[in-house]
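Summary of the model geometry
Each chain, letter by letter, is given below.
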Amino acid sequence: MIDEAATTFEAVHGGRPTGVWAAPGRVNLIGEHTDYNDGFVLPVALPHTTRVTARRREDGRLRLYSAQGDGTITDLSLDGLTPGVVASWAGYPVGVFWALADAGHPVGGADLFIDSDVPAGAGLSSSAALECATAAALNDLYELGLAAPELALLAQRAENAFVGVPCGAMDQMASACCTDGAALFLDTRTLEQRHVPLDLAAAGLRLLVIDTRVKHDLGDGAYAALRAGCERAAELLGLPALRDLAVADLAPALDRLPGELRPLVRHVVTENRRVLETVERLDRGGIAALGPILTAGHASLRDDFRVSCAETDLAVEAAVAAGALGARMTGGGFGGSVIALVAAGDVTAVSDAVRSAFGSAGFAAPVAFTAVPSAGARRVA
Ligand code: GLA
């Protein structure tokens, strides 16, 4: 794979690359729409990665080619890069160059060949993988000496300010910081992180990921509107963020809010609690006990936060009915993927049940795969 990447790099850019960097997509176990409320998240990196094969250029130009693109090279000068100038997929890696330069890091031009097996538009953070692989490559090529969380925050800035998606920090932190065999327990306010072991195989379990094939797109304004709603609620309650509202204070706080903001607040407050409960259960070695929390998290996203859709609801329902210990949509919502915690022996039965339920409902066939918790961004060659 790496030799192939070097060969393609040579065909596109001429000459040999300096190295290859990889960064993964992610699924979030629990803690959805909590990251921009200063709350808790618990993502897991996927084995699927985006690889950036790269070399410095000394003329201040960026030349980017993607195996998943339209066969053309994006070629632009780092001088005068401003948000909004790159509308295609290239906005993510170019945004990372911009964010690094804008923060005063001495980054120059580069030739990049990009290849990815992270499904795009599936709610599995293909954009964070692309940003973090680019950031890891530039960090080494230009000897910037930045630590993984710093690279993640610069990647988030690229997405917020250059691409224009007001996402939180979860996806980039997961892609940059996760480790093999563990979930990343992250406090998005302090950025304190802990790797919580998640040995699914030892527990006789599998994490089934079901891509509903309903294209998820955070750029369409719905995500921004939800974020604005949460921020407005915190402001009305006189709190820095919804993270500061305890479960015990939820009921009186809801009474003080306009009706349309109440379900948003209820979701965020109960979801933070679910993350903490999940980590407590994992610390006691009870992976199987996570099932009901996952399913309760889905109900909250469906009924209160309202970011699920018919396909994600059906996938959860069919998976649980076929024996999954628990299931929920993962990521921003509006389509995308569902995760299900399943006994090793039930993986086929659960996948088949979801596929058949989709067939009966007239939905396109979903794509299911099992995922092991994998490593974050790294140099691979
Ligand atoms: C998207 C965003 C994340 C997070 C999730 C919802 O994946 O990029 O920052 O807000 O949605 O939990």
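Since the model is a prediction, treat every value here as computed from it, not as a measurement.

A short note on the site of the ligand
- In the neighbourhood of the ligand, 13 residues make up the surrounding shell, with Glu32, His33, Asp35, Asp171 and Tyr223 lying closest.
- Contact distances for the ligand include 2.7 Å between an oxygen atom and a side-chain N or O atom of Glu32.
- Protein chains bury 99% of the 310 Å² of accessible surface belonging to the ligand in isolation.
- Among the residues forming the shell around the ligand, the class breakdown is five nonpolar, four polar and four charged.

Some details on the sheet that holds strand S12 (residues 367-370)
- The sheet built from four strands is open, its strands ordered S10-S11-S9-S12 with antiparallel pairing. With partners counted over all chains shown, the strands left at the sheet margins are strand S10 (326-330) and S12, one partner each. Strand-to-strand twist across the sheet, computed as the mean angle between neighbouring axes with direction ignored, equals 25 degrees.
- Taken together, the seven bridges between strand S9 (residues 205-211) and strand S11 (residues 337-343) define a ladder with antiparallel strand orientation. What sits directly across from Ile210, in S11, is Val338.
- Contacts between helix H9 (residues 291-305) and the sheet are confined to S10 and S11, with S10 contributing the most and set at about 40 degrees to the helix.

Here we look at the packing of helix H10 (residues 310-321) against helix H11 (residues 347-361)
- For the pair H10 and H11, the least separation of the axes is 9 Å and the interaxial angle reads 135 degrees. As summarised for this structure, H10 and H11 are arranged oblique, according to the angle between their axes. Pair H10 / H11 crosses with right-handed handedness. Where H10 abuts H11, its residues Glu311, Leu314, Ala315, Ala318 and Ala319 lie against Val350, Ala353, Val354, Ala357, Phe358 and Ala361.
- The residue makeup of the contact of H10 with H11, split by class, is 10 nonpolar, no polar and one charged.

Examining the confidence of the model for the protein chain
- With 99% of its residues at a pLDDT of at least 70, the protein chain reaches an overall mean of 97.
- Mean pLDDT per element in the protein chain: helix H1 (residues 2-13) is the minimum at 93, and strand S2 (residues 40-41) is the maximum at 99.

Some details on the pairing of S10
- Of all five residues making up S10, five are buried, and the element is well covered by its neighbours.
- In this sheet, S11 lies alongside S10 in antiparallel orientation, the contact comprising five bridges. Across the sheet, Met329 pairs through a bridge with Val338, a residue of S11.
- Two successive antiparallel strands, S10 and S11, enclose a turn made up of six residues, where Gly331 displays a positive phi of approximately 90 degrees.

Considerations on the environment of Asp180
- Mapped onto the fold, Asp180 is located in the loop between helix H5 (170-177) and strand S7 (182-187).
- On the accessibility criterion, Asp180 (58% relative accessible area) is exposed.
- With 69 residues separating them along the chain, Asp180 and Asp111 place their C-alpha atoms 29 Å apart.
- Aside from chain neighbours lying at most four places away, what touches Asp180 is Pro373, Ser374 and Ala375.
- Of the polar contacts made by the side chain of Asp180, one reaches the backbone nitrogen of Ala375; its length is 3.4 Å.

Let's talk about the pairing of strand S5 (residues 74-77)
- Burial along S5 is one-sided: Thr74 and Leu76 are buried, while Asp75 and Ser77, pointing the other way, are not.
- Bridge count between strand S4 (residues 61-66) and S5: four bridges; the pairing is antiparallel. By the bridge assignment, Arg61 is partnered in S5 with Ser77.

Here we look at the nonpolar core
- By size, the foremost hydrophobic cluster in this structure holds 49 residues, and its most contacted members are Val94, Phe97, Leu100, Leu112 and Leu138.
- With eight residues, helix H3 (residues 126-141) is the largest single contributor of residues to this core.
- Here Leu112 is in contact with Phe9, His13, Val52, Thr53, Ala54, Arg63, Leu64, Tyr65, Pro93, Phe97 and Thr134, once residues within four sequence places are set aside.

The rules behind these values
- Residues numbered from 1 in each chain as written.
- Predicted model: local features only at pLDDT ≥ 70, side-chain atom pairs only at ≥ 80, totals over all residues.
- Heavy atoms only, no water.
- Near = heavy atom within 4 Å.
- Polar contact = N/O pair within 3.5 Å; in protein donor to acceptor, adjacent residues only side chain to side chain.
- Areas by Shrake-Rupley, 256 points an atom, 1.4 Å probe, with all protein chains shown as cover.
- Nonpolar A, V, L, I, M, F, W, Y, C, P; charged D, E, K, R; others polar.
- Pairing = 2+ DSSP bridges.
- Helix = DSSP H or I, 4+ residues; strand = E, 2+ residues; numbered from the N terminus.
- Axes fitted to C-alpha atoms, helices over the stretch in contact; angles between N-to-C directions.
- Contact = heavy atoms within 4.5 Å.
- Parallel < 35°, antiparallel > 145°, perpendicular 65-115°, else oblique.
- Left-handed = near helix turned anticlockwise from the far one by under 90°.
- pLDDT = per-residue confidence, 0-100.
- Buried < 20%, exposed > 50% of the residue type's maximum accessible area, 1.4 Å probe, protein only.
- Core = buried A, V, L, I, M, F, W, Y, C linked by side-chain atoms within 4.5 Å.

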